[in-house]
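One letter stands for each residue in the lines below.
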Amino acid sequence: MMKRFILSAFVGASVLGLMSSGALAANDDKTTLDEVKEKGSVQCGVSQGLPGFSNKDEKGNWTGLDVDFCRAVSAAIFGDPSKVDFTPLSAKERFTALQSGEIDVLSRNTTWTMGRDTSLGLNFSVVNYYDGQGFMVRKDMGITSALQLSGASICTNTGTTTELNVADYFRANSMEYELVAFEKADEVVAAYDAGRCDVYTTDQSGLYAQRIKLKDPDAHMVLPEVISKEPLGPVVRQGDDQWLNVIKWTHFAMLNAEELGVTSENVDSMKDSDNPAIKRLLGTEGEFGSAIGLGNDWAYNIIKLVGNYGEAFDRNVGPDTTLGISRGLNAQWNKGGLQYGPPVR
């Protein structure tokens with residue numbers, strides 16, 4: 001029955017994707033960037049609460065790596081990082097919200113897969129966080145490896161690649177399991193914390209983030225196995241290359257700034273740099289903003305008002321935060337990681 005539900009949801013989303021593409025074609029005289037400028041803000045779809053990535057603080061302010069990306073898009077367009085409105089979305093409703101035009105960009109922990117990329121009428125733009133699925137258990141279970149989980153009950157979200165990865169992993173290792181799935185992330189956390197299941201599985205970044213919400217975080221551990229590739233990043237509708245370029249180059253600008261040593265603190269003095277790459281990035285040489293419908297100070301505004309990629313990472317999920325995540329695969333390409341920004345030239 002679960003497989004039928006997943007298939008039905010996938011097919012339904014595919015149909016909506018085609019409808020969305022058709023709607024865009026019918027109104028192709030106005031781009032997403034035009035509409036965003038007209039309404040004066042970016043509508044950004046985020047998670048319903050994932051500390052470090054997109055989460056409301058006690059004052060109701062959105063914070064996190066995915067939130068900072070949306071603020072960077074706002075800074076690039078308006079020269080103001082605050083002109084963005086956030087729509088919290090469950091895994092089940094995230095794609096429909098984007099297909100229907102309810103949001104302009106989905107910046108929520110969402111895995112780039114072939115099926116999603118080719119069948120939903122959507123474009124995955126970049127990978128702003130390389131991740132992999134893992135498992136969290138109670139320390140008093142005495143479990144040290146995922147290979148010891150045969151017969152376990154496992155909590156997770158519905159409508160995610162997580163369900164499919166669990167099925168693959170347990171089948172490949174001839175193990176049995178019971179799936180306990182919920183639509184909302186907080187429901188999964190609550191069920192696991194209440195003992196309704198033995199194991200909580202999601203992307204490893206999510207496990208570290210959600211562990212903070214447990215009654216006794218130190219009583220739980222993330223197992224060492226990483227069972228999947230989970231490239232996460234912002235998603236847009238197909239059919240609008242200009243908007244896709246705005247989203248892509250927002251991320252690339254943050255990466256290039258970090259690689260070139262340009263930060264929110266020194267960006268003003270860096271405008272006087274003799275380095276041609278820095279000049280092009282900050283708009284003191286060339287006219288690269290106009291190619292994507294933005295001003296020539298688009299990247300300067302991103303860096304000045306939000307920061308480079310390293311600043312955003314360290315501020316939200318890095319070693320000095322509660323999550324304490326090392327850069328790992330998300331380090332720059334010249335520091336042993338996979339993050340690589342194409343040059344502005």
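Before any of the text, the structure's been laid out above.
Keep in mind it's a predicted model, so treat the numbers as computed, not measured.

Topic: the overall build of the protein
- Secondary structure assignment for the protein yields 13 helices and 14 strands.
- Dimensions of the protein, computed from the C-alpha atoms along their principal axes, are close to 60 × 45 × 40 Å.
- Within the protein, buried positions represent 53% of all 345 residues.
- Put simply, the protein shows about 15,100 Å² of open surface, and 50% of that area lies on carbon and sulfur atoms.
- Taking the 32 positively charged and 45 negatively charged side chains of the protein as two groups, their mean positions are separated by 2 Å.

Observations concerning the nonpolar core
- Counting residues in hydrophobic clusters, the biggest one holds 55 residues, and the most contacted among them are Trp243 and Leu282.
- Setting aside chain neighbours within four positions, we find Trp243 in contact with Thr32, Leu33, Val36, Val42, Val73, Ile77, Asp104, Val105 and Val236.
- Counting 14 residues, the second-largest nonpolar core is a separate cluster that includes Ile154, Val166, Met175 and Ile227.

Re the environment of Gly206
- In this structure, Gly206 sits in helix 8 (residues 204-211).
- Spatially, the C-alpha atom of Gly206 lies 18 Å from that of Lys139, the residues being 67 residues apart in sequence.

Here's the deal with the state of the cysteines
- Inspection of the entire model under this criterion finds 2 disulfides.
- Here Cys44 is linked by a disulfide to Cys70, with a sulfur-sulfur distance of 1.9 Å. Of this pair, Cys44 sits in strand 1 (residues 42-46) while Cys70 sits in helix 3 (residues 65-78), placing them 26 residues apart in sequence.
- Its relative accessible area of 0% is what places Cys44 among the buried residues.
- The disulfide partner of Cys155 is Cys197, and the S-S distance across this bridge is 2.0 Å. The sign of the -115 degrees torsion about the S-S bond sets the Cys155-Cys197 disulfide as left-handed. Placement of the pair is Cys155 in strand 9 (residues 152-157) and Cys197 in the loop between helix 7 (185-193) and strand 11 (199-203), with a sequence separation of 42 residues. Accessibility classification places Cys155 together with Cys197 in one group, the buried group.

Side note on helix 2 (residues 32-39)
- Thr32, Leu33 and Val36 are the residues of helix 2 that are buried. Considered in projection along helix 2, the buried side chains sweep an arc of 100 degrees and stay on one side of the axis.
- Count one or two residues on from helix 2 and you reach Gly40, which has phi positive near 85 degrees.

Regarding the packing of aromatic side chains
- All told, the structure shown has 12 aromatic pairs when counted by the stated rule.
- Ring centres of Phe135 and Phe170 lie 6.3 Å apart, and the angle between their planes is 75 degrees; this geometry places the pair in the edge-to-face category. In this pair, Phe135 is assigned in strand 8 (residues 133-138) and Phe170 in helix 6 (residues 161-172), connecting sequence segments 35 residues apart. Each of the two residues, Phe135 as well as Phe170, counts as buried.
- Ring centres of Phe170 and Tyr177 lie 4.8 Å apart, and the angle between their planes is 45 degrees; on these two criteria the pair is classed as tilted.
- Grouping aromatic residues by their ring pairs yields a cluster made of Phe53, Tyr129, Tyr309 and Phe313.

Things to note about the sheet that holds strand 12 (residues 220-222)
- Here we have 5 strands laid out as an open sheet, ordered 10-9-11-8-12, and mixed in their pairing. Edge positions in the sheet fall to strand 10 (177-182) and strand 12, since each has one partner strand and no second. Direction aside, neighbouring strands of the sheet carry axes that sit 30 degrees apart on average.
- The sheet contact formed by strand 9 and strand 11 spans 2 bridges and is parallel.

Section: unusual backbone geometry
- Phi is positive for Ser174, which is not a glycine, with a value near 50 degrees.
- Among the secondary structure elements, Ser174 is positioned in the loop between helix 6 and strand 10.
- We classify Ser174 as exposed; its relative accessible area is 70%.

A short note on empty space enclosed by the protein
- All told, the structure shown has 3 cavities of 30 Å³ or more when counted by the stated rule.
- Around the largest cavity sit 24 residues that line it, and Arg108, Asn109, Asn157, Thr160 and Thr202 are the ones nearest its centre.
- Those elements giving two or more residues to the lining of the largest cavity turn out to be strand 9, helix 6, strand 11 and helix 8.
- The element best represented in the lining of the largest cavity is strand 11, accounting for 4 residues.
- Of the residues belonging to the lining of the largest cavity, the class tally is 4 nonpolar, 15 polar and 5 charged.
- Here the second largest cavity is characterised by a volume of approximately 50 Å³.
- Taken together, Phe53, Asp66, Ser107, Arg108, Asn109, Asn128, Tyr129, Leu232, Gly233 and Pro234 make up the full set of residues lining the second largest cavity.
- In terms of residue class, the lining of the second largest cavity is built from 4 nonpolar, 4 polar and 2 charged.

Comments concerning helix 9 (residues 241-260)
- With 20 residues, helix 9 should reach 28 Å at 1.5 Å per residue; the first-to-last C-alpha distance of 27 Å fits that figure.
- Every buried residue of helix 9 is listed here: Trp243, Leu244, Val246, Ile247, Thr250, His251, Phe252, Ala253, Met254, Leu255, Asn256 and Ala257.
- Looking at the residues trailing helix 9, positive phi occurs at Gly261, about 80 degrees.

Conventions and cut-offs
Within each chain, residues carry numbers counting from 1 in the order of the written sequence. Thresholds applied to this predicted model are a pLDDT of at least 70 for local features of residues and 80 or more for the giving and counting of side-chain atom pairs; totals over whole chains, interfaces and linings are not thresholded and use all residues. The side-chain figures draw on all heavy atoms in the structure; neither hydrogens nor water molecules are used. Where helices and strands are cited, they refer to DSSP runs of H or I of at least four residues and of E of at least two residues respectively, numbered from the N terminus. Think of it in three bands: residues with accessible area under 20% of the maximum for their type are buried, residues over 50% are exposed, and the middle band is partly exposed, with areas taken using a 1.4 Å probe on protein chains only. Only the protein chains shown count as cover for residues, and the accessible areas themselves come from Shrake-Rupley with a 1.4 Å probe. Counting rule applied: Lys, Arg positive; Asp, Glu negative; His and chain ends not counted. In this description, the location of a charge corresponds to atom NZ of lysine, CZ of arginine, CG of aspartate or CD of glutamate. Nonpolar core, defined: a set of buried Ala, Val, Leu, Ile, Met, Phe, Trp, Tyr and Cys residues in which side-chain atoms within 4.5 Å join the residues together. Contact criterion: two residues are considered in contact whenever any of their non-hydrogen atoms come within 4.5 Å of each other. Cysteine sulfurs are considered disulfide-paired once they come within 2.5 Å of each other. When we speak of the arc, we mean the arc of directions from the helix axis to the C-beta atoms. In this scheme Phe, Tyr and Trp rings, the latter by its six-membered ring, pair at centre separations within 6.5 Å, and the angle between planes marks the pair as stacked below 30 degrees, edge-to-face above 60, and tilted otherwise. Note: two strands are recorded as paired if DSSP finds a minimum of 2 bridges between them. Throughout, an axis means a line fitted to C-alpha atoms (over the contacting stretch in the case of helices), and angles, computed between N-to-C directions, take values from 0 to 180 degrees. Of the two site types, the cavity is a set of points on a 1 Å grid over the protein atoms alone where a 1.4 Å probe fits but cannot get out, and the pocket is an open set with protein on both sides within 12 Å along at least five of seven lines, each lined by residues with an atom within 4 Å of a point. Grid points are joined across faces, edges and corners, and a volume is the space filled by probe spheres set on the points. We call Asp, Glu, Lys and Arg charged. Ala, Val, Leu, Ile, Met, Phe, Trp, Tyr, Cys and Pro are nonpolar, and the rest, Gly among them, are polar. Expected span of a helix, by definition, is 1.5 Å for each gap between consecutive residues, and there is one gap fewer than residues.

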